[in-house]
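# Structure assessment
Spelled out, the chains give:
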Amino acid sequence: MAAAEAAAEIVREIAAVGAADLAAAAEPLRADCLRLARKVSLLSHLVAEVAEAGAGDGDAEAADSWLRELVRAMQAARRFVELGRAPARPSGASDQDAICNNVAVQFKFVTWQLQTVLASLPQNCFQISDEVQEEVDLVRAQLRREMEKKGDVDVNIFSKFHDILALHVSTVGSQSEQSHGQPDTPQMENLCNGHLELQNIIILVSEISGVPKSDAERITSQLIEGLENMRVTDSKKPVSVSQSSDETKGSPETHKKSDTVAIPEDFRCPISLELMRDPVIVSTGQTYERAFIQRWIDCGNRTCPKTQLKLQNLTLTPNYVLRSLILQWCEEKGIEPPTRSKNDGAYLEVGGERVAIETLVRNLSSSSLDERKSAAAEIRSLAKKSTDNRILLAESGAISALVKLLSSKDLKTQEHAVTALLNLSIYDQNKELIVVAGAIVPIIQVLRKGGMEARENAAAAIFSLSLIDDNKITIGSTPGAIEALVELLQSGSPRGRKDAATALFNLCIYQANKVRAVRAGILAPLIQMLQDSSRNGAIDEALTILSVLVSHHECKVAIAKAHAIPFLIDLLRSSQARNKENAAAILLALCKKDAENLACIGRLGAQIPLTELSKTGTDRAKRKATSLLEHLSKLQVL
């Protein structure tokens, strides 16, 4: 499935972006790009499963349509990240305010588009595992909250723009497109008069969507007409500016009517940004949803999330007045009152009581091997189900007990323990707790000597933990960590090699780990992967890792000595467009300020494929190929 592979390539490219790549970007663009890259990196497992499994027994047309939408959303995300990689332009204070506002609009659109496409994932079309579905749900929630932080741009504008753009894409070049075409300029100016803010939004959204300026002007006029019609036919209905299609599709309770009604800010929990059902007051006088503020406190926090003031006590006083107002408001608007959802305290699988989880955790330390194994297996399953389970298990001491089980001589117990830690690590705060509990060394031992499934999940756990920058340093400096991943990359199962490649790529974003990986022997399996045409993702994975390594001088020298250049040139001649692009980028990095490497690619006949690539490749590939050709030309002159 070409679209799935295209989405996977974009995910890997965005995930590769680190703080160093965005050093020139001003705030808030830099922070937004980093947060977006981190969230997109969590979707690597989704696109990998879609690409590998393909469509199931579901509607093939629906699957193709969803994949096209996913690629469009990923392309917009990539364009936004590219804004952060471009040199910042000098600007005055007033210009800076405008730039910040523009960034906020574009970031909100990108997050809206991503979370909307994730919300519409057709479950019947793809074989998505429970673990990956849980990651998707987590990313959706994070994206929705990011979007809501960026002000009050009406998401109906985004939705309408998206619909018009989809129609434009499907009818480009058709007779109907040509007959309706561009509206006359006077008509467009009349429509846009008094809509300067809307015009600006559409220009910004068009830019991040890759829409030409001429098309953006036509879309603006269509959008204004559509919104005017909506006002006429829907003038008596308040339109929500803070809810998206993600919420309406994902929540049966709100789907009925709340998707068309603006929820008063005072009725929203400051943590979840959702309508409160059990509001409580903390000592600072702020009101929160009970479940969310209790979770905040249970995680060891002793400050008010909104005011950052220290909590004088941990008493949660029911806010009966607000609760009554919320119920009254729901009745007036014809909305079903909020009720406790199945995911609140979602440890219902173990009887709905915290005591049951605590019993399971105690059984991890039982003198009976069977009890330990059974408890680890059940905790592995629970940690896969929901964020609430992960929080409760961590609070009950499961992490330290599971770390001890990593040293078990029983391979199945060991597998359950490392997989449970992997599942627990999906929740960001648990990542830190797992590292603090001393899990890295025993996870590395499992990676070296465990059963194959345990080794695969150990590599996946390292990837998950390394999503936090500090953990990249901790893991990389742990003796034997990178060596064990390189060994799995060399001789593991197909899934094991993929997990190892993902973990190594993420670790090598940190500069010092690049040298460690090269010294651990990573180049030998990477060169082998460049030749492995039987495995679709192998070449792409190898190129992605090499593109990170080549930025370090010692690694650059080692890559050239490993005779990678001939294989990279071969990829220029016969590989997929994305691989040609990456191969050209790596060759350019190898040849900059290195006449010997430049002469080498000249002797190996790189000029012909580079010339072809400079004419027919992607925009990035054209730039890299052109630059290489210029260097070769200068070398010949000398």
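Because the structure is predicted, anything quoted here is derived from the model rather than measured.

## What about the packing of helix 2 (residues 29–41) against helix 4 (residues 60–85)?
Between helix 2 and helix 4, the least distance of the axes is 9 Å, while the angle of their chain directions is 145°. Crossing angle aside, the handedness with which helix 2 passes helix 4 is left-handed. Judged by residue contacts, L29, D32, C33, L36 and V40 of helix 2 engage M74, A77, F80, V81, L83 and G84 from helix 4.

## Digging into the sheet that holds strand 2 (residues 287–289)
Across the sheet, three strands lie side by side as 2-1-3; this open sheet has antiparallel pairing. Both edges of this open sheet fall to strand 2 and strand 3 (317–318), since each of them pairs with a single strand only. In this structure, strand 1 (residues 279–281) lies alongside strand 2, joined through three bridges in antiparallel fashion. Paired with P279 across the two strands is E289, which belongs to strand 2.

## Some remarks on the pattern of salt bridges
Tallying each qualifying case throughout the model produces 21 salt bridges. Note that E554 and R519 form a salt bridge whose closest N and O atoms lie 3.0 Å from each other. Taken together, the positions of E554 in helix 30 (residues 553–561) and R519 in helix 27 (residues 511–519) put the pair 35 residues apart, joining distant regions of the chain. Judged by its relative accessible area of 63%, R519 falls in the exposed class.

## Section: the packing of aromatic side chains
This structure, assessed with the given rule, holds three aromatic pairs. Taking 5.5 Å as the distance between ring centres and 45° as the angle between the ring planes, the aromatic pair formed by F80 and F107 counts as tilted. Separated by 27 residues along the polypeptide, F80 in helix 4 and F107 in helix 5 (residues 93–119) bring together distant segments of the chain. Comparing F80 with F107 shows no difference in burial state: the two are buried.

## Comments concerning the packing of helix 25 (residues 481–491) against helix 28 (residues 523–530)
One can describe the packing of helix 25 onto helix 28 by two numbers: an axis separation of 9 Å at closest approach and a directional angle of 30°. The angle between helix 25 and helix 28 falls in the class roughly parallel. Handedness of the crossing formed by helix 25 with helix 28: left-handed. In this structure, helix 25 uses V486, L489 and Q490 to contact helix 28, whose residues at the interface are A524, P525, L526 and M529. Residues that form the contact of helix 25 with helix 28 fall into these classes: six nonpolar, one polar and no charged.

## Some points on the nonpolar core
Counting residues in hydrophobic clusters, the biggest one holds 146 residues, and the most contacted among them are L46, I522, L526, L549 and I601. Two domains each put at least three residues into this core: domain 1 (1–164) and domain 3 (353–437). Those residues in contact with I522, other than ones at most four positions away along the chain, are V486, L489, L504, A517, I545 and L549.

## Brief notes about unusual backbone geometry
Of all residues except glycine, most have a negative phi; of all peptide bonds, most are trans. Notably, H563 is not glycine yet its phi reads approximately 60°, a positive angle. Examined against the element boundaries, H563 turns out to sit in the loop between helix 30 and helix 31 (565–574). A positive phi is found at K593, a non-glycine position, where the angle reads about 60°. The residue K593 is located in the loop between helix 32 (577–591) and helix 33 (595–603) in this model. Take K593: its relative accessible area is 90%, and that puts it in the exposed class.

How each quantity is defined
Residues numbered from 1 in each chain as written. Predicted model: local features only at pLDDT ≥ 70, side-chain atom pairs only at ≥ 80, totals over all residues. Heavy atoms only, no water. Axes fitted to C-alpha atoms, helices over the stretch in contact; angles between N-to-C directions. Helix = DSSP H or I, 4+ residues; strand = E, 2+ residues; numbered from the N terminus. Left-handed = near helix turned anticlockwise from the far one by under 90°. Contact = heavy atoms within 4.5 Å. Pairing = 2+ DSSP bridges. Salt bridge = Lys/Arg side-chain N within 4 Å of Asp/Glu carboxyl O. Buried < 20%, exposed > 50% of the residue type's maximum accessible area, 1.4 Å probe, protein only. Phe/Tyr/Trp six-rings, centres within 6.5 Å; stacked < 30°, edge-to-face > 60°. Parallel < 35°, antiparallel > 145°, perpendicular 65-115°, else oblique. Nonpolar A, V, L, I, M, F, W, Y, C, P; charged D, E, K, R; others polar. Core = buried A, V, L, I, M, F, W, Y, C linked by side-chain atoms within 4.5 Å. Domains from an automatic or database assignment.

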